[in-house]
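# Observations on the three-dimensional arrangement
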Protein chains: 6
Amino acid sequence: MAKRVITFGEIMLRLNPPGYLRFVQADELKMSFAGGEANVAVSLANYGLDAAFVSKVPTHEIGDCVVRELRKNGVDTKYLLRGGDRLGVFYLEKGASQRASKVIYDRANSAIAQAKPDEFDWDAIFHGADWFHWTGITPALSQNMQLCCLEACKAAKANGVTISCDLNYRKKLWSRGEARECMTRLMPYVDVIIANEEDAQDVFGISAAHTDVSGGKLDREAYIDVARQLSERFGARYVAITLRTSLSATDNRWAGLIYSDAEARFSREYLIHIVDRVGGGDSFGAGLIYSLMNGMDKQSAIDFAVAASCLKHTIEYDFNLVSVDEVKALAGGNASGRVQR
Amino acid sequence: MAKRVITFGEIMLRLNPPGYLRFVQADELKMSFAGGEANVAVSLANYGLDAAFVSKVPTHEIGDCVVRELRKNGVDTKYLLRGGDRLGVFYLEKGASQRASKVIYDRANSAIAQAKPDEFDWDAIFHGADWFHWTGITPALSQNMQLCCLEACKAAKANGVTISCDLNYRKKLWSRGEARECMTRLMPYVDVIIANEEDAQDVFGISAAHTDVSGGKLDREAYIDVARQLSERFGARYVAITLRTSLSATDNRWAGLIYSDAEARFSREYLIHIVDRVGGGDSFGAGLIYSLMNGMDKQSAIDFAVAASCLKHTIEYDFNLVSVDEVKALAGGNASGRVQR
Amino acid sequence: MAKRVITFGEIMLRLNPPGYLRFVQADELKMSFAGGEANVAVSLANYGLDAAFVSKVPTHEIGDCVVRELRKNGVDTKYLLRGGDRLGVFYLEKGASQRASKVIYDRANSAIAQAKPDEFDWDAIFHGADWFHWTGITPALSQNMQLCCLEACKAAKANGVTISCDLNYRKKLWSRGEARECMTRLMPYVDVIIANEEDAQDVFGISAAHTDVSGGKLDREAYIDVARQLSERFGARYVAITLRTSLSATDNRWAGLIYSDAEARFSREYLIHIVDRVGGGDSFGAGLIYSLMNGMDKQSAIDFAVAASCLKHTIEYDFNLVSVDEVKALAGGNASGRVQR
Amino acid sequence: MAKRVITFGEIMLRLNPPGYLRFVQADELKMSFAGGEANVAVSLANYGLDAAFVSKVPTHEIGDCVVRELRKNGVDTKYLLRGGDRLGVFYLEKGASQRASKVIYDRANSAIAQAKPDEFDWDAIFHGADWFHWTGITPALSQNMQLCCLEACKAAKANGVTISCDLNYRKKLWSRGEARECMTRLMPYVDVIIANEEDAQDVFGISAAHTDVSGGKLDREAYIDVARQLSERFGARYVAITLRTSLSATDNRWAGLIYSDAEARFSREYLIHIVDRVGGGDSFGAGLIYSLMNGMDKQSAIDFAVAASCLKHTIEYDFNLVSVDEVKALAGGNASGRVQR
Amino acid sequence: MAKRVITFGEIMLRLNPPGYLRFVQADELKMSFAGGEANVAVSLANYGLDAAFVSKVPTHEIGDCVVRELRKNGVDTKYLLRGGDRLGVFYLEKGASQRASKVIYDRANSAIAQAKPDEFDWDAIFHGADWFHWTGITPALSQNMQLCCLEACKAAKANGVTISCDLNYRKKLWSRGEARECMTRLMPYVDVIIANEEDAQDVFGISAAHTDVSGGKLDREAYIDVARQLSERFGARYVAITLRTSLSATDNRWAGLIYSDAEARFSREYLIHIVDRVGGGDSFGAGLIYSLMNGMDKQSAIDFAVAASCLKHTIEYDFNLVSVDEVKALAGGNASGRVQR
Amino acid sequence: MAKRVITFGEIMLRLNPPGYLRFVQADELKMSFAGGEANVAVSLANYGLDAAFVSKVPTHEIGDCVVRELRKNGVDTKYLLRGGDRLGVFYLEKGASQRASKVIYDRANSAIAQAKPDEFDWDAIFHGADWFHWTGITPALSQNMQLCCLEACKAAKANGVTISCDLNYRKKLWSRGEARECMTRLMPYVDVIIANEEDAQDVFGISAAHTDVSGGKLDREAYIDVARQLSERFGARYVAITLRTSLSATDNRWAGLIYSDAEARFSREYLIHIVDRVGGGDSFGAGLIYSLMNGMDKQSAIDFAVAASCLKHTIEYDFNLVSVDEVKALAGGNASGRVQR
């Protein structure tokens, strides 16, 4: 029987112009749904796990679309509450070459941001669950969500559920000070910390020494040091960091490291010609969760997670619609992209 | 030199699935901008008037889209303030035959709803203006907007500007009681009252006796009576009422009456095969404003207004992109739709 | 807890040119999935029932699409087998006005047509089920499917499950003689017989006297007589007949009758401006099943079924994506199609 | 072996916004190719005749598109010359309901308008031909084309080829006086004259007495009188007139009459819900040519021609992509538009 | 007068999601037609040769689409038989970067696979022909097709027609053993053998020593050795091999070699940014046939063939829609892609 | 208050197939408007300058589209005359990799080419203006336009307006001899000369020694020499040259140099993955004008101009829809294309 994963957070309507059109050129917007924790749930369901997404969306037809899209991907929506005023929206303009992608958020007052802690029965939710995943976006949504995250973490621990958290700092939602205070309170519950090269600095002031992110050079030792600090400060069993070298909006280098038991493992690095970069970090998180839940060793786990997220960059929209076989084939070294007949 | 009209209200992002797809079938949404008063401004600018739209939209690129779309249509955006948190959104699903169109509003906390009265310099705005148009939607947005409407009406009157108002009751924005109280305070400033067959009842409890709207039968005497009551209660110089017989979401009958100096005139009635019905009432208002500003007599005015709005029903999206010549040709009797080579 | 319905049959890939393009004009085809019994399952799931679809589709990605589409609509796919060589395809060209719609079938050797009887564990399938629905298309697919239908009917009866069957004669799949022989064997198990104005004649030689279908005139007495004959010959508790008057490919009149306990009830007749006519009969069947499962009386049941299928004609693709509330509103008399804000 | 038809005239690039968008709303234009005589050639090729189109288009890739599109439809392009400066363009905005369709021509200086008479070897062209069709548009293009038409008619006659001409008056191309002078010179060669209800008046001052075209009422006797006058003045063996009642841009009534041997026959009249009305007259001409070439009697011929053009109104773009079987089915009375499975 | 080429094989409906969408994301499929031998015929017709395609497609409208598409490209369809049950279909998902393209075949029981040998009159077909091209796919379709290939080769030889064959091994259609047995029987008739880097191994067990295809490194000597073995074993006058280095699904290196008279020539290698890779091998074959038919020397021939197929990779769908001038410009060294005004 | 710029030239309808489709594959064309001087005006208006475009377009709806598109971008259309026969058209096929983009012009007899000198009141036009920009395309349109350019330059000088000119040689419009004669007459008025690597040679025979453009190698000294010659021959204050290395239609290197006061400055060079290359030179011109009008030093000016045009290559259609902030961010070194949230 498939292992059960719970993810908790916001899902939004994502609206982006077709192709590389700028917002001011568009007369239609591609409609999809996205959110850090929903992206992870979808990815895990596609890997065959029993993934449930906990959130709240309005009762109207756009809310229905969310439910249908998750169901389509095999995500359990039993704990997806209905109600509230609105679904958060974000507008995305896809960049190309030297022109960066842009995101405009319109997520204030969403149903989940306004949800009350007593709407969620965490003991019921974690009954039979093996893993709980959330990101730093969820507590950033509202004071209520901070409380919910704390209650969820406690309930998860009480139910013997492993907890992973992607730091995912969003400066539009809260200040670094607010983030640090809240996340410092929550981190002790977390078994697996996931971060990109900037999150640790933004949230905890842990810096990757000697690293110039915008210049794109990555310093392996510095990242190991960041992972070590995160691991030691919060007692996490695993820390995983994504390593992105943004050559341009079109071409990125992409790798990752995992740190555990005082030892780091790096994945191979991929040069990716990007189709859609948004959701890349979430697909890494989902790959990592899958591999750790399936008992892979550190090297296999980071290879799987990075291969999974490499593939995500070739897929439109946030959801990483790949199978375990496809990820394993790439992680196993077949990156030639030859036609499969 | 073209006469100058000021309209004041909200403009929203309108998102609708292509063709007759339901929301739950869509993977893209057509993007346009709409709002009662903006629709009127666009229509009047297309008729060659100097139309300005007063509102507030965010500084981000979606706000830029609003400015660009209005400029494209020749609307003066000098008094379109920039700032605030968000642009209101509405989702529209186009109905067909027995299936009704549906609108989902997501307009709370829009930039205009949150704008402060002191952001608008009404004396500057009405300098050189000939006409001021607003609808019952604007005061329904917020207490601030109620105050703004009152100040705007006072300033307009002080500047010798004619005022028109489309009652446009929106039950999702305020209760009938709230509407009645506020609108009763504002109506005395209004020279031209525009309403559909239900607004007078909803807002002022003035009923069209013996009329069953859902059954679609229209009783001419009853509508004259409603117009007379509106005119007499508030001292309006003109009252105009749109008369829609909704045979189905696809086919409507459409006519109008104007009442002034204790006399009513009906337009001819059109049987319309609908392309897009939203904005139909606004195009009637714009047609009426144009005709009255150009000194047409009652019969010509109502004929122009109804022909203008008849054409709107054949045009996608809210804006009525027709010329004075096209309206006059239809009002003059050429409804055959023969190809113009 | 929602009642459980099992439907059994083929689901195909439906490919149609956009809009009213002819096949020879198309360079893209709209992709959806359809089949009489799947259409019914989707409709019932959208009404809130626990609907499961029993069939077989290949293991490749196009088969995955079927599963995902059904899951999206809330249909239980536990008994949707995977395997076999191919998914059936049909090409549909939408007609307009005097130009008829055309269907090209490419369904031979589909996974379900080649499935073996022992692949289906009917006792497990009907465990906890309340209703079983199939159509005359299923046994027409292959000898194996004839056997499966018989076994399914027997198992359903043994499990106390009510059985409905839509005759749905398809001349491309079998001859009238083959159909009569097989269906005569299966009908005794059926509690609710559904047919259109031609099926009874095609399959059983039961004629609607004095009726000229192509001319479009319907003779109420004749149809009652057909229903009576069907009912009496096979001992069905209910017989329901759809009554279509095809004015053109664009405009149809649509009604239905139900016959039970020697008494017939007709629905009101709708004049429908068609968006997509395919799946119209299936939406009638689903409406009827829903209403009978919910204990509606004959008049309410036929009104619900016909209103449901009226709405289907306004929706693209085969699936009838409407809610119980929407059907009831129309059945209750609100056919004006006015915008719902 | 298929009979051979030659048509001669201009083919243009047709550019129209998708659906019912106005020009000012479009950001893309549907691309097709059209022209009175090319439309007829395509229609006849689709009926199985050996149809050749004589014209001239530039050597660039847009000219290649013309050749490819004609070849696709089975039209012989051996005498389609390559060269000249440009391909004519027309922009089409599709009307709906009371809003008329609009055509903007940009056809001056096209390759065919500037072609020289000595570029066409008419004796070679008419070798083995049975029928020659042209319209009043061709000589209206330029003085050279007037000369070409005359030479072509003479050569056709010399080769025993039957000649048909659709009067097709285009006021943007020449005055009524110019048209009358030129067409009066050419008509004596014509065996079959085709006209709509206005052409005879515009070109020859022959009026349909008591007929108010814009009001849409058709007076059968008046049209017979027009046909008789055309027939008698120019000695044509057949005169055929299309009878359009334009209820709106969406709904037209459509019929035709044929006059020969002092006797007139009317077709049945169709009420058409229009998909694309442009090319309707040409499809009538092609239907008439096909039926006369196949020896149908007057009633059958006019029934075929009108049924053919009725179907054209349901097909996007100018070309009438229907088969003889489809036309015969409709002419034979099956206008119900029922799905053909 | 243009030289005449006959190609013989299957043409299928190709259905692919737009852009880089995965199958499970698509709601429409781009529709085109493709098949190894049809692709070659289209390419050669675009080069100005008289190319005929011999096959069989159903009589329905999708079959009509095949005929029209071939005619559009100037391919002679006189020997394209009509009839049979179905047209083969393949679904294509375009890969990107590290994600491979996928092909799902649904081609069993196609009209051509089921065609009988006596349906083809090879002596008539080869009358006046100069070249005959087929691929290893054709005999793999069915026993009948194996027989047809043999008869066709014999008739071609008897008529003095040069024969080329692209080995094109398809493991879904037959085993390596079956392929070897059949192809060994057919090869002696072949003058020009075309293969990619895997075919010789798959079909004949002829290996390219020291070459690791998936790693992408090409060993020039090894390929010459393969060509020599093929040439010597079957006595072919020319052997040509395509050399693809798949850096990713987006970027490939592409070159070729030709072997004749015990001497090999390599083309230059192109680094291609791929638009659509499918049909790349066929465009090489067509380029080679064109160049050899036009008497080019070995170096010119391989340069032309590789430049032609390089351009194919930049064109959507299977057909290589380029002119001889375009190929020669690239083969001549102008690969800068500068705008041609 | 914003500085005022006048640009003068032709604006055309640009029609291109979607994506990478070839002309012969398209059934729709993307519709936009473009022209060297209009592109510059749009770019400058987007930078916040008061930009007016002087030209002439027809009175029909396609001409309306031009006005609306310019207004949308904030360009002053007061001096955009209406009238004349036609709007010029150009067809663009976007290339990829080794396949070059193609442009087919159909611009003869456009409204602006046929405009008379006395239609333009240059003194009124230059009233309050700071800068005048035109390109070598304008005088190439017609003798009248040569005269207009001369009159415009004289009036600009008389009004103290700075003049810039992009040489922009178009061989389809005039010969090198004609260009040299005319441009030699006009250059003395020009303060800022803009050219690409071929223009100086084509128009004035000034060669970039030792430079092989098609090979893509750029020789910095040679370009400085060309700039020096241009500057010295015509006494221009600034000469700016764009340096394009066309690796393929997909990937270009792009840089620029500015020469003034006997000193040259080069920008950094960008490797661009191209979205749409057309309008690249115009965006450079606009960037240069903006930077010089804002008093930037040579290095800053060339950096701004090249960054601006680098971004243009990532934007669909001719207009460079970027803000000053976006250009400055890139010019300041942030070329990583990271997502901006």
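So, here's what we can say about the structure. (Residues numbered from 1 in each chain as written. Chains lettered and ligands numbered in written order. Predicted model: local features only at pLDDT ≥ 70, side-chain atom pairs only at ≥ 80, totals over all residues. Heavy atoms only, no water.)

### What about the overall build of chain A?
Helix and strand content of chain A: eleven helices and 14 strands. The globule rule puts the C-alpha radius of gyration for 341 residues at 20 Å, and the 19 Å found for chain A is close to it. Residue burial in chain A is summarised as follows: out of 341 residues, 68% are buried. In chain A, of all internal contacts separated by at least 6 residues, the share reaching a separation of at least 24 is 69%. If you sum the accessible surface of chain A, you get close to 10900 Å²; carbon and sulfur atoms cover 44% of it. In chain A, 40 positive and 43 negative side-chain charges are present, and the distance between their average locations comes to 3 Å. (Helix = DSSP H or I, 4+ residues; strand = E, 2+ residues; numbered from the N terminus. Rg over C-alpha atoms; globule rule 2.2 N^0.38 Å. Buried < 20%, exposed > 50% of the residue type's maximum accessible area, 1.4 Å probe, protein only. Contact = heavy atoms within 4.5 Å. Areas by Shrake-Rupley, 256 points an atom, 1.4 Å probe, with all protein chains shown as cover. Lys, Arg positive; Asp, Glu negative; His and termini not counted. Charge placed at Lys NZ, Arg CZ, Asp CG, Glu CD.)

### So, the sheet that holds strand β2 (residues 12-16) of chain A
The strand order across the open sheet built from eight strands is β7(A)-β6(A)-β2(A)-β3(A)-β3(B)-β2(B)-β6(B)-β7(B), with neighbouring strands paired in mixed fashion. Edge positions in the sheet fall to β7 (102-106) of chain A together with β7 (102-106) of chain B, since each has one partner strand and no second. Between one strand axis and the next, the sheet turns through 30 degrees on average, direction left out of account. Across five bridges, the pairing between strand β6 (residues 89-93) of chain B and β7 of chain B is antiparallel. Across the sheet, residue F90 of chain B finds its bridge partner in β7 of chain B, namely Y105 of chain B. (Pairing = 2+ DSSP bridges. Axes fitted to C-alpha atoms, helices over the stretch in contact; angles between N-to-C directions.)

### What about the interface of chain F and chain A?
At the junction of the two partners, chain F supplies 23 residues and chain A supplies 29 residues. Note on chain F versus chain A: buried area summed over both sides is about 2300 Å², and carbon and sulfur give 52% of it. Applying the counting rule to chain F against chain A returns three salt bridges. Close ionic contact of R338 of chain F with E197 of chain A constitutes a salt bridge, the shortest N to O distance being 2.8 Å. Between the two partners, chain F and chain A, sit 13 residue pairs in polar contact (both at pLDDT 80 or more). Elements supplying a minimum of two residues to the side of chain F that touches chain A: β14 (270-273), α10 (298-312) and α11 (324-331) of chain F. (Buried area = accessible area lost by both parts, 1.4 Å probe. Salt bridge = Lys/Arg side-chain N within 4 Å of Asp/Glu carboxyl O. Polar contact = N/O pair within 3.5 Å; in protein donor to acceptor, adjacent residues only side chain to side chain.)

### Considering the interface of chain E and chain A
Taken together, the 28 residues of chain E in the interface contact 23 residues of chain A. Of the roughly 2300 Å² buried between chain E and chain A, counting both surfaces, carbon and sulfur atoms make up 52%. Per-residue buried area on chain E facing chain A is highest for R22, Q25 and Q98 of chain E; these three make up 25% of the total on that side. For the pair chain E and chain A, the number of links is three salt bridges.

### A short note on the relation of the copies chain F and chain A
Overlay of chain F on chain A (RMSD 0.0 Å): rotation 120 degrees, translation along the axis 0.0 Å. Classification of the inter-copy transformation places it as that of a three-fold axis. For chain F, the residue whose C-alpha comes nearest the rotation axis is G19 of chain F, separated from it by 5.3 Å. When the interface residues of chain F are mapped onto chain A, a mere 4% of them again fall at the interface, so the copies present different faces. (Least-squares fit on C-alpha atoms with pLDDT ≥ 70 in both.)

### Remarks on the pairing of strand β8 (residues 131-135) of chain C
Residues and elements named next belong to chain C. With five of five residues buried, β8 is to be regarded as a mostly interior element. Burial along β8 is two-sided: W131, H133 and T135 facing one way and F132 and W134 facing the other are all buried. With three bridges joining them, strand β1 (residues 4-8) and β8 adopt parallel strand pairing. Note that in β8 the partner of T7 across the bridge is H133. With five bridges joining them, β8 and strand β9 (residues 162-166) adopt parallel strand pairing. Directly across from W134, in β9, lies its bridge partner C165.

### Looking at the relation of the copies chain E and chain A
Expressed as a screw transformation, the operator carrying chain E onto chain A has a rotation angle of 120 degrees and an axial translation of 0.0 Å, and the superposed copies differ by an RMSD of 0.0 Å. Each copy contacts the other with its own distinct surface, as only 4% of the interface residues of chain E are interface residues in chain A too.

### Thoughts on the sheet that holds strand β7 (residues 102-106) of chain C
Spatially, eight strands are ordered β7(C)-β6(C)-β2(C)-β3(C)-β3(E)-β2(E)-β6(E)-β7(E) in an open sheet, and the strand pairing comes out mixed. The open sheet has two edge strands with one neighbour each: β7 of chain C together with β7 (102-106) of chain E. This sheet shows a mean twist of 30 degrees between the axes of neighbouring strands, independent of strand direction. As paired elements, strand β2 (residues 12-16) of chain C and strand β3 (residues 28-34) of chain C share five bridges and run antiparallel to each other. Bridge pairing links L15 of chain C to M31 of chain C in β3 of chain C. The strands touched by helix α2 (residues 61-72) of chain C within the sheet are β3 of chain C together with β6 (89-93) and β7 of chain E, with β3 of chain C carrying the most contacts at an inclination of about 60 degrees.

### A closer look at the pattern of salt bridges
Under the definition given, this model contains 144 salt bridges over all chains. Among the ionic pairs, E10 of chain C bridges to R107 of chain C, the shortest N-O distance being 3.0 Å. Remark: R107 of chain C occurs in the loop between β7 and α3 (122-126) and E10 of chain C occurs in the loop between β1 and β2; sequence separation between them is 97 residues. Each member of the pair, E10 of chain C as well as R107 of chain C, carries the same accessibility label: buried. Overlapping salt bridges, with partners in common, bring together R22, E93, R99 and K102 of chain A, E61 of chain B together with E326 of chain F in one network.

### Some points on the packing of helix α10 (residues 298-312) of chain A against helix α11 (residues 324-331) of chain A
All names here are of chain A. In the contact formed by α10 and α11, the axes pass within 8 Å of each other and the chain directions differ by 110 degrees. The pairing of α10 with α11 is recorded here as roughly perpendicular in orientation. On α11, the residues that touch D303, F304, A307, A308, C310 and L311 of α10 are V324, E326, V327, K328, L330 and A331. (Parallel < 35°, antiparallel > 145°, perpendicular 65-115°, else oblique.)

### Some details on helix α9 (residues 280-293) of chain B
Over its 14 residues, α9 of chain B extends 20 Å from the first C-alpha to the last, a length consistent with the 20 Å expected when each residue adds 1.5 Å. Positioned one or two residues after α9 of chain B, G295 of chain B has a phi angle of 75 degrees, which is positive. (Expected span 1.5 Å × (residues − 1).)

### With respect to the environment of M145 of chain A
All names here are of chain A. Mapped onto the elements of the fold, M145 is located in helix α5 (residues 143-158). For M145, a relative accessible area of 0% translates into the label buried. A C-alpha to C-alpha distance of 8.0 Å links M145 and I112, two positions 33 residues apart in sequence. If we ignore the near neighbours within four places in the chain, the residues touching M145 are F8, I112, A113, A115, F120, T138 and P139.

### Examining unusual backbone geometry
Unusually for a residue other than glycine, Y317 of chain A sits at a positive phi of about 75 degrees. By the element assignment, Y317 of chain A lies in the loop between α10 and α11.

### Regarding the packing of aromatic side chains
Tallied over the full model, the rule gives 66 aromatic pairs over all chains. With a centroid separation of 5.5 Å and an interplanar angle of 20 degrees, the aromatic rings of F120 of chain C and W122 of chain C are classed as stacked. Since its relative accessible area comes to 5%, W122 of chain C is described here as buried. Residues W122 of chain F and F132 of chain F carry aromatic rings whose centres are separated by 6.3 Å and whose planes lie at 55 degrees to one another, so their mutual orientation is tilted. With W122 of chain F in helix α3 (residues 122-126) and F132 of chain F in strand β8 (residues 131-135), the pair connects residues that are ten residues apart, well separated along the chain. Note on F132 of chain F: relative accessible area 0%, which makes it buried. The ring of F266 of chain A has R220 of chain A sitting right over it, with the charged end atom 3.9 Å from the ring centre. (Phe/Tyr/Trp six-rings, centres within 6.5 Å; stacked < 30°, edge-to-face > 60°. Lys NZ or Arg CZ within 6 Å of the ring centre and 35° of its normal.)

### A word on the pairing of strand β4 (residues 50-57) of chain B
Residue and element names in this part refer to chain B. Counting buried positions along β4 gives seven out of eight residues, so the element sits mostly inside the fold. Here strand β1 (residues 4-8) pairs with β4 via five bridges, running parallel. Its bridge partner being in β4, R4 is matched across the sheet by D50.

### Notes on the environment of F204 of chain F
Residues and elements named next belong to chain F. Looking at the secondary structure, you find F204 in helix α7 (residues 199-204). Measuring from C-alpha to C-alpha, the distance between F204 and G285 comes to 20 Å, with 81 residues separating the pair along the chain. Ignoring sequence-local partners within four residues, the contact set of F204 consists of L167, R180, M183, T184, M187, D199, L230, R233 and F234.

### Quick word on helix α8 (residues 220-234) of chain E
Residues and elements named next belong to chain E. Spanning 15 residues, α8 covers 22 Å between terminal C-alpha atoms, matching the ideal 21 Å at 1.5 Å per step. Elements in contact with the buried residues of α8: α6 (176-186), β10 (192-195), α7 (199-204), β11 (238-246), β12 (251-260) and β13 (263-266). Among the residues of α8, the N-terminal cap falls to D219, whose side-chain oxygen and the backbone nitrogen of E221 are separated by 3.1 Å. A positive phi of about 70 degrees marks G235, the residue just after α8.

### Considerations on the packing of helix α9 (residues 280-293) of chain E against helix α10 (residues 298-312) of chain E
All names here are of chain E. Axis separation between α9 and α10 bottoms out at 7 Å; the angle between their running directions is 145 degrees. Helix-helix and strand crossings are classified by hand; for α9 and α10 the assignment is right-handed. Along the contact surface, α9 presents G280, S283, F284, G287, L288, Y290, S291 and L292, while α10 presents A301, I302, F304, A305, V306, A308, S309 and K312. Across the contact of α9 with α10, the residue classes break down as ten nonpolar, five polar and one charged. (Left-handed = near helix turned anticlockwise from the far one by under 90°. Nonpolar A, V, L, I, M, F, W, Y, C, P; charged D, E, K, R; others polar.)

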